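# Chain and residue survey
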Amino acid sequence: MKYVKPLRLKIMMMMFFGTGILGIIVGLYVAPYQAPQAILLITFMGAINLSLGGFFGWIFLTQKPESNEKRKKKRNDN
């Protein structure tokens, strides 16, 4: 996978966590007064956003730092 800058990953992670929490709150507390089908749909979309936030957090924690020494990079001729 391509290297992604840590600041960009942090921003994406916080955006997904924030919208996921907001989606679950809106789905469980606000949507019941609007439409019965919206409860499940909005809550499910909030759960998907929480999962995406966790995925980007995992990438943030497990990716290796980018090397500044591009000229010393070894070739893989296997």
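Quick note: structure is the one above.
These remarks concern the structure in this document. Because the structure is a prediction, the values reported are computed rather than measured.

### Thoughts on helix H2 (residues 36–62)
An ideal rise of 1.5 Å per residue puts 39 Å on 27 residues; H2 measures up with 41 Å between its terminal C-alpha atoms. Looking at H2, one finds that the buried residues are Ala38, Thr43, Gly46, Asn49, Gly53, Phe56, Gly57 and Ile59. Those residues of H2 that are buried lie in contact with helix H1 (6–30).

### Quick notes on the side chain of Thr43
By secondary structure assignment, the location of Thr43 is in helix H2. With a relative accessible area of 19%, Thr43 lands in the buried category. Engagement of the side chain of Thr43 in a polar contact is seen with the backbone oxygen of Ile39, the distance being 2.7 Å.

### Details of the packing of H1 against H2
The packing of two helices is summarised by the inter-axis angle and the distance between the axes. For the pair H1 and H2, the least separation of the axes is 7 Å and the interaxial angle reads 160 degrees. Here H2 runs roughly antiparallel to H1, going by the angle between their axes. As for how H1 packs across H2, the hand of that crossing is left-handed. Taken together, the residues of the contact of H1 with H2 break down into 18 nonpolar, 10 polar and one charged.

What counts as what
- Residues numbered from 1 in each chain as written.
- Predicted model: local features only at pLDDT ≥ 70, side-chain atom pairs only at ≥ 80, totals over all residues.
- Heavy atoms only, no water.
- Helix = DSSP H or I, 4+ residues; strand = E, 2+ residues; numbered from the N terminus.
- Expected span 1.5 Å × (residues − 1).
- Buried < 20%, exposed > 50% of the residue type's maximum accessible area, 1.4 Å probe, protein only.
- Contact = heavy atoms within 4.5 Å.
- Polar contact = N/O pair within 3.5 Å; in protein donor to acceptor, adjacent residues only side chain to side chain.
- Axes fitted to C-alpha atoms, helices over the stretch in contact; angles between N-to-C directions.
- Parallel < 35°, antiparallel > 145°, perpendicular 65-115°, else oblique.
- Left-handed = near helix turned anticlockwise from the far one by under 90°.
- Nonpolar A, V, L, I, M, F, W, Y, C, P; charged D, E, K, R; others polar.

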